[in-house]
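So you can see what is in the structure, the chains are spelled out below.
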Amino acid sequence: MPTNKNALIRYKYLDRLLSDHHHYYSIHDLTEKVNDKLEDDGFERVTQRCIEKDLLNMQGLFSAPIEHEKKNGKNRIFYWNRSFSIFTQEMSCEERNLLREVLSTIGQFDGLENFKWLDDFKIGLGIEERRQIISFSNNPYLQNSNLLGTLFDNISNEVVIRLSYHTFNDNTIRSIDFHPYLLKQYNDRWFLLGAADTDQKILNFALDRIDKVEPLPEKKYTECPDDIYDRFEDIVGVTLYEDRQVEHIVCWVNDASKGYVNTKPIHESYTPYKGEKENQLHEQYPQLDGGLFFSIDCIPNFELIRELCSFGGNLVVLSPESIRDEIKNRLKAHLSQYQD
């Protein structure tokens, strides 16, 4: 199905052009005509590469009979079946049920203007409402949640943006030209990841720290050279410090919380110790009665320390010493605030 409102609109324009009985269009012609329609309807122009991807999506998603032909020195693109339209196909019962649930799930982004097209899409497809049967975590008090729709469109359409933002500790407004790659949710907050236009360094911004988003369609968009998801393999949360190495972190958790840690590991590298290794650690730390010893391998960051501290006295970090010291210092500072 189309990924966003603008994609659906472009598919509609392309569908008409490809089924035109009287004209044949090259990829350049299709790009120009679609952009003319987008501008007339108040939308942003797109690149020829975007139109090429749209054609591939139409073939993959709707089995559109798109033909490429070279004639009189000109490449022509058209439907070999001119009566075909992606908007007149019948859906099976299974497809309709699946689409209903997908739309219902995406529709949980309440109050996002750029997602209101979902309602029109459902009406156009004749999909009736029914009781929601899957629900995801949602923070109704998240600041700037209205930016989700705007950023979703810019990422999908590969548009460079100018971000105006401020940091947690400073309300000074700064700006950066940015190539957006991913919207990621963590701990009921949304983060935007992408590359700085100046040096292509990967950065992340919390949505509640973004003050303004301005599209820069005249700038060439640069795709992420690597898989953006690889950045999250060795960390908890979204903050990756490029100058830090993966640490082997050994912990103990008491009986009250070991079931929680077992069923919801702090990191995917979670390894519980059993047998001889467990016996060795009990001998080394006789004051830790019962419970569970385990290890994780990840790069220390703010989110990891906060997660480890959230267990309070139920969890003890045994090594490395650097993380033990950081947690001890935090707990001491915390305790001092409660002392008269």
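Up top is the structure these notes are about.
A brief structural summary.

Calculation rules
- Residues numbered from 1 in each chain as written.
- Predicted model: local features only at pLDDT ≥ 70, side-chain atom pairs only at ≥ 80, totals over all residues.
- Heavy atoms only, no water.
- Pairing = 2+ DSSP bridges.
- Helix = DSSP H or I, 4+ residues; strand = E, 2+ residues; numbered from the N terminus.
- Axes fitted to C-alpha atoms, helices over the stretch in contact; angles between N-to-C directions.
- Contact = heavy atoms within 4.5 Å.
- Patch = residues over 30% accessible without salt bridge, like charges linked within 9 Å, V, L, I, M, F, W, Y side chains within 5 Å.
- Areas by Shrake-Rupley, 256 points an atom, 1.4 Å probe, with all protein chains shown as cover.
- Salt bridge = Lys/Arg side-chain N within 4 Å of Asp/Glu carboxyl O.
- Lys, Arg positive; Asp, Glu negative; His and termini not counted.
- Charge placed at Lys NZ, Arg CZ, Asp CG, Glu CD.
- Buried < 20%, exposed > 50% of the residue type's maximum accessible area, 1.4 Å probe, protein only.

Some thoughts on the sheet that holds strand β5 (residues 189-196)
Turning to step 1, where the next piece is worked out: Strands sit in the order β6-β5-β4-β3-β7 across an open sheet of five strands; the sheet is antiparallel. Each edge of the open sheet carries a strand with a single partner, namely β6 (202-206) and β7 (210-215). Each strand axis lies, on average, 45° off the axis of its neighbour in the sheet, ignoring direction.
Turning to step 2, where the next piece is worked out: Note: strand β3 (residues 161-165) against strand β4 (residues 174-186), five bridges, orientation antiparallel. Its bridge partner being in β4, L163 is matched across the sheet by I176.
Turning to step 3, where the next piece is worked out: Strand contacts of helix α6 (residues 147-156): β3, β4, β5 and β7, with the helix running at about 100° to β4, the strand carrying the most contacts.

Concerning the side chain of S164
Turning to step 1, where the next piece is worked out: Tracing the chain through its elements places S164 in strand β3.
Turning to step 2, where the next piece is worked out: Setting aside residues no more than four positions away along its own chain, S164 makes contact with I173, R174, S175, R209, I210, D211 and K212.

Structural notes on unusual backbone geometry
Turning to step 1, where the next piece is worked out: Cis geometry is found at the peptide bond from S319 to P320, where omega equals 5°.
Turning to step 2, where the next piece is worked out: By secondary structure assignment, the location of P320 is in the loop between β11 (315-319) and α10 (321-336).
Turning to step 3, where the next piece is worked out: Notably, Q200 is not glycine yet its phi reads approximately 60°, a positive angle.
Turning to step 4, where the next piece is worked out: Residue placement: Q200 occurs in the loop between β5 and β6.

Things to note about the sheet that holds strand β8 (residues 247-253)
The pairing of strands in a sheet comes from backbone hydrogen bonds and takes either a parallel or an antiparallel form.
Turning to step 1, where the next piece is worked out: Taken together, four strands build an open sheet; the order of strands is β9-β10-β8-β11 and the sheet is antiparallel. Each end of this open sheet is capped by a strand with a single partner; those strands are β9 (271-272) and β11.
Turning to step 2, where the next piece is worked out: Where β8 and strand β10 (residues 292-298) come together, seven bridges link them in antiparallel fashion. Opposite C251, over in β10, you have F294 as the bridge partner.

Some words on a negative patch on the surface
Turning to step 1, where the next piece is worked out: The grouping of D226, D227, D230, E233, D234 and E268 at the surface amounts to a negative patch.
Turning to step 2, where the next piece is worked out: Positionally, E233 belongs in the loop between β7 and β8.
Turning to step 3, where the next piece is worked out: Assessed through its relative accessible area of 40%, E233 is described here as partly exposed.

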